[in-house]
Each structure stands twice: as C-alpha cells, then as structure tokens.
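Here's the letter readout for the chains.
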Amino acid sequence: MSSRGIQFLDLEAQRKRLGGSVESAISEVLLHDRYVMGPEVGELEARIAELCGVKHCVSCGNGTDALQISLMALGIGRGDAIFVPSFTFTATAEAVVLVGATPVFVDIQEDTFNIDPSSLEEAIVSTTGLRRSAIIAVDLFGQAADYPELSQIAAHYNLELVVDAAQSLGGRNESANVGNLGDVTTTSFFPSKPLGCYGDGGALLTQRDDIAEASRSIRVHGSGSAKYDNSRFGLNSRLDSLQAAILLAKLPVFQEEIDARGEIADRYTTALSGLLEIPVVKPGVRSVWANYTIKVAGRELLRAGLQSANIPTAVYYPKPIHQRGPYKDFPTAPNGLINSENVSKCVLSLPIHPYLDSSSQNQIIAALLDLVPN
Ligand SMILES: *Cc1c(COP(=O)(O)O)cnc(C)c1O
C-alpha cells in the first residue's frame, strides 16, 4: 500500500509509473511555445482516431463542450427534443439546454445504469409539439449502453444517436469500439476520466465528414475558410498543446490501465457477489471500469464505516438530473423514472484506479465483509 493510504484516484502513482515522460513532454512544448492547437494537438487527434478505429477525432476544451459542439454540428437548437438519461453527470443534459433544445428525461436500466430502450421508446412516442431529433446515450461507469437496441430505435424514428463516452473511451461492445457506436461520440479528458490530462480537455469522434468539418469550425468561433471570416456561430473551445502532450505521454499505458481496472473489478465481483449488489456488465461488452459501483441500502452507514477504515468512496450520483434545480421543469418519460430515483439513493463507488495494489484491494474487501451483515 502507498504511504499515503488508499486513494480514490492516484495520479501521483501514475506519474511515477510514467517515469518522467510527462515532464519531458511538457518541456518539449515549452521549447516550441505554440501553446494552443500546437503540433501535439493534431498528433493526439490522429492517435485517438486510430486507437478507436474512427475516421475523425476533433479535440476541444472539455467533454461538455464536445457535447455542445456535436449538437451544434448536427444543427440542433430551439424546438428540438433530445432524449437523455436522467441518471448521469449534469453535462449530458446541460449541453442540450445550452443549444436551446429541450431535454426529455428517460429512465435507466437498474442493472447496467444505462438508458433503458423501452423507457426511451415510450418517451419518443409521447413527445409532441417538439421536433424529435436526437438521443444522447451515456456509457455510464465505463460500460457501453445497449447500442444494438438504441440504433434500431434511432433508425426507426429517424433520430441522430449521440454517444456520451466521457467514461468509456477504450471500451467496446460485441460489434464495435466505443467511437463507432453512434453518429457522433464525445469524450472528456478531465483528470479523473479513464484517459485524463492535467486540466480540462475533450474530443468528439465521428465517421461523418460533415460533422467533423462543422465541429472543426465551431470550436474556433465558427471560423470560415479565411481568417476573421465566419461561416457559423461557434465557441472558443480549443485543446491546449500542453494537455495534448500529457495525453500523448499517457497513451502507452492506457490499455494496461484498463486491464488493471478490469482485474480489480473481477476480484471485487468474486469476493462480493451474494453479499452486495454488484455491477452487471452485459455479455459481449468490454467495460473500461471508470467506476465500480455497488448498490446498498443504508449507504451512508456503510460509507461512514469505510471512511473510518480509511477507505474513500464516492457517490455518483446522489440525485437524478430531473430532480435537480432548473432541470425539474423539463419533460420526462411517461412511465416515470423509478430506476433513476431508486439507484440514486443506494449507489456507492469503490476505489478502482489502476495503481490500487492487491493489499489495498484485500483491505477494501475485508472492510466490506466486516461491515455488511451476512
Ligand atoms: C465528465 C463527464 C462529462 C463532462 O466532461 P467535462 O470534461 O468535465 O466537461 C460529460 N458526461 C459524462 C457522463 C461525464 O462523466
């Protein structure tokens, strides 16, 4: 165990593992001093496109902007209904509101935490007075949503399928890599995500030339072909060269880190099944295990017990979005959002970073066995 005790996320251990490559990547940028959209940015985009097997990768300022840029590139705005799960990080719905469209909240499946295709279809059919335009599916905690079903629904109702892969970059399902599961896929390089930089960063991935071209313009104020000309409205959402350089330095260990989290997940699952409600991954899907999230009644008591044993945990998320502040007024699926409401009360995420050694894993498992009545 590290001398600092069990960490929920251990970026210091990762930096030591990388053995100075991050520091030298940063020094390289200081030498050429092209800090915004420098050479590392194009190189990173090419590497990530290759890694995911997708034609285009367009980087930007963060994962929230990646969602907003995607919606803008798809021409989504006022009068459009966008179907989003309610149990996710705020940004998924926020991006919809920022482009002037209306989020329609859909329930999740209680076992995978991902959007429920039947709740989705009910929400689509019952939506009137708005153009039904797109679905944003979220691959929560690292597991791809049910794309075989979602693609059929999207095709049937003529909707764009946007994938929020902030937590699932590097994963896949039975037929394709994350990046190839919808019309456009967005991701985040926030430090705690599976591939994280040392600040904010994000990207979108797509096979479609029209989306890629529009996105490249939107991220730089809607720039046209000539400097200080504009072909559309846009944002200021470029990736820094320093962040791209840091991500390039981390790419060589990205797959090993995914594998390491997978092994920890397997250990937890073996030790805890039958004792606690453990996360379910659907057959054929390869999760990147951004989080290992159990469900437990009496969560706060267990959480406090783990805290006294110096084991940090997190609650993603304590409230579904349709119950948060200004999001309360948007439409919801007609049969309610029962699963989203129920899981919010009992989810608890355990430490699962790739540098969590086996004695720390043992300590976490032992504390759970001790605290949970069996
Ligand atoms: C982190 C996250 C985002 C937003 O990414 P930022 O880079 O923080 O803007 C969007 N959706 C989900 C599911 C996320 O986890």
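Whatever comes next refers back to the structure up there.
Owing to the predicted nature of the structure, the values given are computational and were not obtained by experimental measurement. (Residues numbered from 1 in each chain as written. Predicted model: local features only at pLDDT ≥ 70, side-chain atom pairs only at ≥ 80, totals over all residues. Heavy atoms only, no water.)

Caption draft 1: Focus on the nonpolar core. With 57 residues, the main nonpolar core has F83, L120 and Y147 as its most contacted residues. When residues of this core are assigned to their parent elements, the largest contribution, five residues, is made by helix α4 (residues 63-73). Not counting chain neighbours up to four residues away, the residues in contact with Y147 comprise A137, D139, L161, V163, N173 and L181. Of all hydrophobic cores here, the second largest spans 33 residues; its members include F113, A265, Y317 and I352. (Core = buried A, V, L, I, M, F, W, Y, C linked by side-chain atoms within 4.5 Å. Buried < 20%, exposed > 50% of the residue type's maximum accessible area, 1.4 Å probe, protein only. Helix = DSSP H or I, 4+ residues; strand = E, 2+ residues; numbered from the N terminus. Contact = heavy atoms within 4.5 Å.)

Caption draft 2: Focus on the pairing of strand β8 (residues 292-295). Residues Y292 and I294 line one face of β8 and the alternating positions T293 and K295 line the opposite face, and both faces are buried. Examined bridge by bridge, β8 and strand β9 (residues 347-350) share four bridges and lie antiparallel to one another. Residue pairing in the sheet places K295 in a bridge with V347 of β9. (Pairing = 2+ DSSP bridges.)

Caption draft 3: Region of the structure containing the sheet that holds strand β7 (residues 202-206). The sheet built from seven strands is open, its strands ordered β1-β7-β6-β5-β4-β2-β3 with mixed pairing. In this open sheet, the two strands that pair with only one neighbour each are β1 (56-60) and β3 (102-106). If you compare each strand with its neighbour and ignore which way they point, the axes differ by 25 degrees on average. Across four bridges, strand β6 (residues 184-188) lies against β7 in antiparallel orientation. Looking at β7, one finds that S188 is bridged to G202. (Axes fitted to C-alpha atoms, helices over the stretch in contact; angles between N-to-C directions.)

Caption draft 4: Structural context of empty space enclosed by the protein. Summed over all chains, the structure comprises one cavity of 30 Å³ or more. Size it by volume and the largest cavity reaches roughly 80 Å³. Around the largest cavity sit 14 residues that line it, and L140, F141, Q143, P279 and W289 are the ones nearest its centre. Looking at side-chain class alone, the lining of the largest cavity contains eight nonpolar, five polar and one charged residues. (1 Å grid on protein atoms, 1.4 Å probe; cavity = no way out; pocket = protein on both sides within 12 Å on 5 of 7 lines; lining within 4 Å. Points joined across faces, edges and corners; volume = space filled by probe spheres on them. Nonpolar A, V, L, I, M, F, W, Y, C, P; charged D, E, K, R; others polar.)

Caption draft 5: Molecular detail of the packing of α4 against helix α8 (residues 209-218). It is the contact of α4 with α8, at a shortest axis distance of 9 Å, that shows an interaxial angle of 120 degrees. Between α4 and α8, the crossing angle belongs to the class labelled oblique. Considering the relative orientation of α4 and α8, their crossing is right-handed. For the pair α4 and α8, the contacting residues are I69, M72 and A73 in the first and I211, A214, S215 and I218 in the second. Residue composition of the contact of α4 with α8, by class: six nonpolar, one polar and no charged. (Parallel < 35°, antiparallel > 145°, perpendicular 65-115°, else oblique. Left-handed = near helix turned anticlockwise from the far one by under 90°.)

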